[in-house]
Amino acid sequence: MPNARLKDYLHLHFLVFIAGFTAILGKKITIGASEIVWYRMAIAAVLMLFYIKIVRLKIKVPKKAILQFSIAGVIIALHWITFFESIKQSNVSIALAMFSSGAFFASFIEPIFFKRRILIYEILFGLIVIAGVFLITSSELKYLNGIILGLLSALFSTLFAVINGKFIERYNATVISFYEFISGVIFLSLFIYASGIQFNAEFFTLSKMDWVYIFILASVCTAYAFIGAVEVMRYISPFTVILSYNLEPIYGIILALMIFPESEKMSSQFYIGAGLIILTVVMDALLKNNKRRKHKSPSITN
C-alpha cells in the first residue's frame, strides 16, 4: 500500500464529514423517508452507471451474486428508511447517537457470519452501549419512536456492512454498489406502491430546494462517497478508515447544533449517553486493531 499523503487524510475526513451531513439533508428534505431513499438510490444508480461506462468497468457477475447483492440492497434501503424516519420523528442528534450503537450489534452479528467466538470485551462494550442508550432514552422519552427507529437503522447498517465485507473479497465495490442500488429501487418501488402512493405527476413534483437537497444526497453523499471510500483505501489502511468513520456522529451532531440550534439542543444526560456510545465504538476499533497487529507480527523463537 503506498504511503498516505496529507491530501489522502483530508479526503478521508471530507468523506466522513459528508456522511455526517447526510443527516442534515434528511431533516431539510420535506418528503417522506421512503421517497427520500427511492430518489437517493435511483439517482445514485444512474450516476454510478455513468461512472462505470466512463472507466469501462465490467459489471457482469453470476446470477447467484446478483441475488446476494439484491438482498444487501434491500437491507441498505431499510437502513436508510429507518434512519431518515428516525430523524423526522425525533431529530438529527437522536438518530446519529442511536446509529453509533452499531458496534454493539456487530459484536453479535460478526461471530455468526465469520464463525468466531464472541469476545469478552465485546460483551462488556455492549453493556456500556446499552447503558448509553438507557441514559438517552430515559432523558428523551418524547423521542422514543425516533430512538427505536434509530436502533433498527443501526442494526440494518451493521448487517449490511458485515454482508458487504463478504462480497468485497470477490467483487469490485462499485459493481456491488450498483447492483445494490438497483435492487433497492425495485424494492422501494414495490413498497411505496403497496403503501398506496402512486408514481404520478404529484410524486415527481417537488419543491426546488427538495430537488437540490436530493441531488446533493444522491450524488455527493452516495455515489461519490461510495466510490471515494474505496479509492481512499488504496492509500490508507482499512482500520484508519473505519476508525475515522466513527467520527460521523460527532461531525453530524455538531453540524446539527449549528444549523438547527433550537430543535437539536439536548439534555446533558443525552450527551453523556452519546459520549459513552461513541467512546465505546472507538475503543472497540482500537482494541481490534491492536489484536490484529499482534496476530500479524512474526513470533520470536529462542
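Remember, predicted model here, so these are calculated numbers, not experimental data.

Draft legend 1. Broad picture of the overall build of the protein. Of the regular secondary structure elements, the protein holds 13 helices and 0 strands. Computed over C-alpha atoms, the radius of gyration of the protein comes to 20 Å, within 12% of the 19 Å expected from 2.2 N^0.38 for 302 residues, which places it in the range of a compact globule. If one aligns the C-alpha atoms of the protein with their principal axes, the spans along those axes are about 75 × 50 × 40 Å. When burial is assessed residue by residue, the protein has 48% of its 302 residues classed as buried. Carbon and sulfur atoms make up 68% of the accessible area of the protein, which totals about 15800 Å². Distance between charge centres in the protein, computed from 27 positive and 15 negative side chains, equals 12 Å.

Draft legend 2. Quick peek at the nonpolar core. In terms of nonpolar packing, the biggest core is built from 67 residues, with Trp-38, Met-41, Phe-69, Phe-83 and Phe-84 touching the most fellow members. Of all elements in the fold, only α1 (6–28), α2 (33–55), α3 (63–89), α4 (92–99), α7 (144–167), α8 (173–194), α9 (208–232) and α11 (248–259) reach the threshold of two or more residues within this core. Sort the elements by how many residues they give to this core and α2 lands first, with 12 residues. Leaving out residues up to four positions away in the same chain, Phe-69 has contacts with Val-61, Phe-167, Tyr-171, Ile-176, Tyr-179, Glu-180 and Ser-183. Grouped together as the second largest cluster of nonpolar side chains are 17 residues, Ile-94, Phe-105, Ile-136 and Met-266 included.

Draft legend 3. Quick peek at the packing of aromatic side chains. Counted under the stated rule, the structure contains 20 aromatic pairs. With 5.4 Å between their ring centres and 85° between their planes, Trp-38 and Phe-203 make a pair best called edge-to-face. A residue pair is termed long-range when its members are at least 10 positions apart, and Trp-38 in helix α2 and Phe-203 in the loop between α8 and α9 qualify at 165 residues. Residue class for Trp-38 comes out buried when judged on its relative accessible area of 12%.

Draft legend 4. Layout of the packing of α4 against α7. Here α4 crosses α7 at 40°, and the two axes come no closer than 8 Å. With respect to α7, the axis of α4 lies oblique. Handedness of the α4/α7 crossing: right-handed. Residues Ile-94, Met-98 and Phe-99 of α4 pack against Gly-146, Ile-147, Gly-150, Leu-151, Ser-153, Ala-154 and Ser-157 of α7.

Draft legend 5. Structural detail: the layout of surface pockets. Counted as a void, the second largest pocket has a volume near 160 Å³. Residues belonging to the lining of the second largest pocket are distributed by class as follows: 6 nonpolar, 2 polar and 2 charged.

Draft legend 6. Representation of the confidence of the model for the protein in the model. Looking at the protein, pLDDT values average 83 and 91% of them are 70 or higher. Below a pLDDT of 50 lies the segment residues 297–302, which in the model reaches 0 contacts outside its immediate sequence neighbourhood of four places, other chains included.

Draft legend 7. How the structure looks around α4. Burial runs high along α4: 8 of the 8 residues are buried. Here α4 has its buried residues at Val-92, Ser-93, Ile-94, Ala-95, Leu-96, Ala-97, Met-98 and Phe-99.

Parameters and conventions
Residues numbered from 1 in each chain as written. Predicted model: local features only at pLDDT ≥ 70, side-chain atom pairs only at ≥ 80, totals over all residues. Heavy atoms only, no water. Helix = DSSP H or I, 4+ residues; strand = E, 2+ residues; numbered from the N terminus. Rg over C-alpha atoms; globule rule 2.2 N^0.38 Å. Buried < 20%, exposed > 50% of the residue type's maximum accessible area, 1.4 Å probe, protein only. Areas by Shrake-Rupley, 256 points an atom, 1.4 Å probe, with all protein chains shown as cover. Lys, Arg positive; Asp, Glu negative; His and termini not counted. Charge placed at Lys NZ, Arg CZ, Asp CG, Glu CD. Core = buried A, V, L, I, M, F, W, Y, C linked by side-chain atoms within 4.5 Å. Contact = heavy atoms within 4.5 Å. Phe/Tyr/Trp six-rings, centres within 6.5 Å; stacked < 30°, edge-to-face > 60°. Axes fitted to C-alpha atoms, helices over the stretch in contact; angles between N-to-C directions. Parallel < 35°, antiparallel > 145°, perpendicular 65-115°, else oblique. Left-handed = near helix turned anticlockwise from the far one by under 90°. 1 Å grid on protein atoms, 1.4 Å probe; cavity = no way out; pocket = protein on both sides within 12 Å on 5 of 7 lines; lining within 4 Å. Points joined across faces, edges and corners; volume = space filled by probe spheres on them. Nonpolar A, V, L, I, M, F, W, Y, C, P; charged D, E, K, R; others polar. pLDDT = per-residue confidence, 0-100.

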